[in-house]
Amino acid sequence: MIAKKEMVAMLLAGGAGNRLYVLTKERAKPAVPFGGKYKIIDFPISNCVNSSVDTVGVLTQYQPLELNTYIGNGQPWDLDRMYGGVHILPPYLAGATGEWYKGTANAIYQNLHFLDQYDPEYVLVLSGDHIYKMDYAKMLQYHKEKDADLTIAVLNVTMEEASRFGILNTNPDLSVYEFEEKPAKPKSTNASMGIYIFNYKKLKEYLIKDEENPASSNDFGKDVIPAMLNDKCKLFAYPFDGYWKDVGTIDSLWEANMDLLNPRLPLNLSDPLWRIYSRHNATTPHYIDETAKVTDSIISSACEIYGNVSQSVIFANTTVGENTEMEYSVIMPNVKIGKNAKIQYAIIADDAVIEDGAIIGAAPQDYDGEWGIAVIGQGAVIKSGQVVLPKQIV
Amino acid sequence: MNAFSILFSDTFNYDRIGELTKNRNLASVPFGGRYRLIDFVLSSLVKARVPNVGVITRNNYSSLVDHLGSGKDWDLDRKNGGLKILTPFANNLGNSYSKNKFEALNSIKTYIRHNLPEYAILADTNIVCNIDFQKMVKFHQETNADVVCLYKKRDVYEGSTSIQVNENGQINGSRYHGIANGEQDNFVLKVYVMKKSFLLNLIDTGITYGWEEFNRDFITKQFSTYRIFAMEQTGYCKVLRNINDYYRANMDLLNPEIRREIFQSGTNILTKIKDSVPTMYGSHSQIKNSLIADGCKIDGTVENCVIFRGVHIKKGAVVKNSIIMQDAEISENCQITNVIADKNMSLNEGVVLTGSESFPFIISKNTKI
């Protein structure tokens, strides 16, 4: 018998992340590198550990290999525990009934046995595509104070943004009376951050009910939360006012990386009391040569910089050749960039090779066509002198 | 590999890296931006799949214990064997501080006896190079030697003893150098391979005759009694015996060929993992020819430096030809030249510190100026 846990986290990491195009061709979205040395999933997992949530189920489905390898036994996050720790939960066959995860709610439904092992009071449901720091212990405290069945973390967004989110309309005491998924005319600006604390008994009851309903799409936002509201369950909004960024698109992923270059960013990654942990390779310090010029940039270990770099985020083990000009770009690990290349407003994924003199992307003011971030996929080779236009995806 | 290893965190000589070894032993002297000296030989042992490593400590070993922990970051937190820190009073044979390597080995005989592998590897920890231990053990088997050691051709130091090696690799002579005459000769690197049974007998013999030093009392004197063989260590290899060795070896890492040889020739140099953020450069930063670890914030000028983790260098500060260890704070308009700054130095605005290339200025730990 495993000891009872007060709260178990379930991290939904199975999304395909289609809007990241080549960046998620061979991996799930939570495995996409971020911020010079992390992967997106490091943020929710580190938040769990820092909030004393030591039991985390990671639900995987789409291209799980890289993610599974990365999580391993959870040791980098201090989640290699005797009781609890991190568990990878893929879909599985159970007699004749096994199937893929049909939706977010169904994914948890299929793992009710996992949750039952720990017999938790509360279940924290998280998604694996957001960058933020949050103390879930405080949210749990709030959930208990409000004696809620479900607490949903909300962020105050602008009216224009509101129609892209699930919006919670609340009474003055922050109890929720209405939930609207991507409303055309939002009534408020309380956007759901996809962070839920459920009373486990209620969650189980509604998941079983939801599964019995053949018309349901088995989604938390579309089915489970409306059903709970309908039955007058106690739903509360938990306001959050820190930095939070959905990195589900090329533009938002690029912006979130660029945000890190702003010294006044309200997301302090070097806070010793709230570290973001990640899996490390044994790498050397980075080297900056006499020929290089580096300003306003983040540079990770084992890089060798011989060119000019400004306003960029460079991950580990990347080489930037002499006379190469780089600005406003995100370069993921193990990229080889030759000499005399020009890289502006680009995301270059892991293991890509950029040969001498290649030109990738351009500044918006220098380009007449439809502008966007240029993207080079994992392992792509850009030949000497080749030109990759803005918004082009290779 | 069918071998275990014993590392000496101190050489039991007078090898001291100035202020840097005041509160720590040689093994845990910070090096190369994020490492400790012991990481190099330890990484070579890990690469050769040596399953058990015991580290002999004498005093000042708190920083070493901090660094090594359970051995996890070297994949040496094993169910069977793995890393073991051998403290001075670990068993009933150790009733005083060991004064030399033979006494130290005598006090850990239980550890040696309980080790199952057939071969023993003994090594000092102040050696910066990649050692092929598999090759050493194979050479031991092929030559049917009693002991195999490594040697390196290098400049003669005053008071050192060189060896002569015949065409089979057997040592057949030695010579004491009273003065440094600018010549080069073959010198033993303090890395030895022998059978466990031979080591146990050798400890007894050494204690009987009052031997103190492996190299001085055994290798360079007993080569006609025992079959002692030596293998040449090629490539970059530095033994750090004093502050000048230390300064030069750090600066060597700014050379791309040496860097490649040490870090990219197939041996991952493993070290303790700290979850620091990547380094951030500000708009005024000017960096030339420098090796910089994670977690720094740099907005000043840095030239020909090795900068450790978590160092802050503010706008207008100029740091040249220096080694700046972990968590230093260098405020606006400071000027630092030829300095070795131990951990956690903190400089107020406008401080000027200048050493000389042949005599770098050493700032001890936690200094505030």
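Residues numbered from 1 in each chain as written. Chains lettered and ligands numbered in written order. Predicted model: local features only at pLDDT ≥ 70, side-chain atom pairs only at ≥ 80, totals over all residues. Heavy atoms only, no water.

**Considering the layout of surface pockets**
Residue and element names in this part refer to chain A. Definition in use: Both site types are read off a 1 Å grid over the protein atoms alone. A 1.4 Å probe that fits but cannot get out defines a cavity, while an open set with protein on both sides within 12 Å along at least five of seven lines defines a pocket; lining residues have an atom within 4 Å of a point. Grid points are joined across faces, edges and corners, and a volume is the space filled by probe spheres set on the points. Working definition: helices are DSSP H or I runs of at least four residues, strands are E runs of at least two. Numbering for both runs from the N terminus.
Within this model, the largest pocket holds a volume of roughly 1,400 Å³. Lining of the largest pocket is provided by 46 residues; of these, R19, K29, D129, H130 and D246 occupy positions nearest its centre. Within the residue set of the lining of the largest pocket, elements represented by two or more residues are α3 (104-109), β10 (176-181), β11 (190-199), α8 (220-230), β13 (244-246) and α9 (250-259). By residue number, the principal contributor to the lining of the largest pocket is β11, which donates 4 residues.

**Description of a nonpolar patch on the surface**
All names here are of chain A. Here is the rule: Distance thresholds for patches are 9 Å for like charges and 5 Å for nonpolar side chains (Val, Leu, Ile, Met, Phe, Trp, Tyr), applied to residues having over 30% relative accessible area and no salt bridge. In these tables, accessible area is a Shrake-Rupley quantity obtained with a 1.4 Å probe, and a residue counts as shielded only by the protein chains included in the view. Should a side-chain nitrogen of Lys or Arg be within 4 Å of a carboxyl oxygen of Asp or Glu, the pair is scored as a salt bridge. Partly exposed describes any residue whose relative accessible area lies between the buried limit of under 20% and the exposed limit of over 50%, with all areas from a 1.4 Å probe on protein chains only and scaled to the type maximum.
A surface patch of nonpolar side chains, amounting to about 230 Å² of accessible area, comprises I359, V387 and L389. On the secondary structure map, I359 appears in strand β27 (residues 359-360). Residue I359 is classed as partly exposed on the basis of its relative accessible area of 35%.

**Digging into the confidence of the model for chain B**
The cut-off we apply is this: What pLDDT conveys is the predictor's confidence in a given residue, as a value from 0 to 100.
Averaged over all residues, the pLDDT of chain B is 93; the fraction at 70 or higher stands at 98%. Per the prediction output, this complex has pTM 0.92; the corresponding ipTM is 0.90.

**Points about the interface of chain A and chain B**
Interfaces are often sized by the amount of accessible area the parts lose when they come together. Worth spelling out the cut-off: It only takes one pair of heavy atoms within 4.5 Å for two residues to be counted as in contact. Summed over both partners, buried area is the accessible surface (1.4 Å probe) that two parts give up on being assembled. Two N or O atoms count as a polar contact when they lie within 3.5 Å, although within protein this holds only if one can serve as hydrogen donor and the other as acceptor, and sequence-adjacent residues are included solely when both atoms are side-chain atoms. By this definition, two strands are paired if DSSP reports at least two bridges between them.
Taken together, the contacts link 34 residues of chain A with 33 residues of chain B. Carbon and sulfur atoms supply 50% of the area that chain A and chain B bury against each other, a total of about 2,800 Å² over both sides. Applying the counting criterion to the chain A and chain B interface returns 2 salt bridges. A salt bridge links A:K37 to B:D294; the nearest nitrogen and oxygen atoms lie 3.4 Å apart. Viewed at the interface, chain B and chain A are joined by 22 residue pairs in polar contact (both at pLDDT 80 or more). At the level of secondary structure, the elements contributing two or more residues to the side of chain A that touches chain B comprise β14 (286-288), β15 (293-295) and β16 (297-299) of chain A. Looking at chain direction, β14(A) and strand β16 (residues 290-292) of chain B are connected through 3 bridges and run antiparallel. Looking across to β16(B), one finds that A:I288 is bridged to B:S290.

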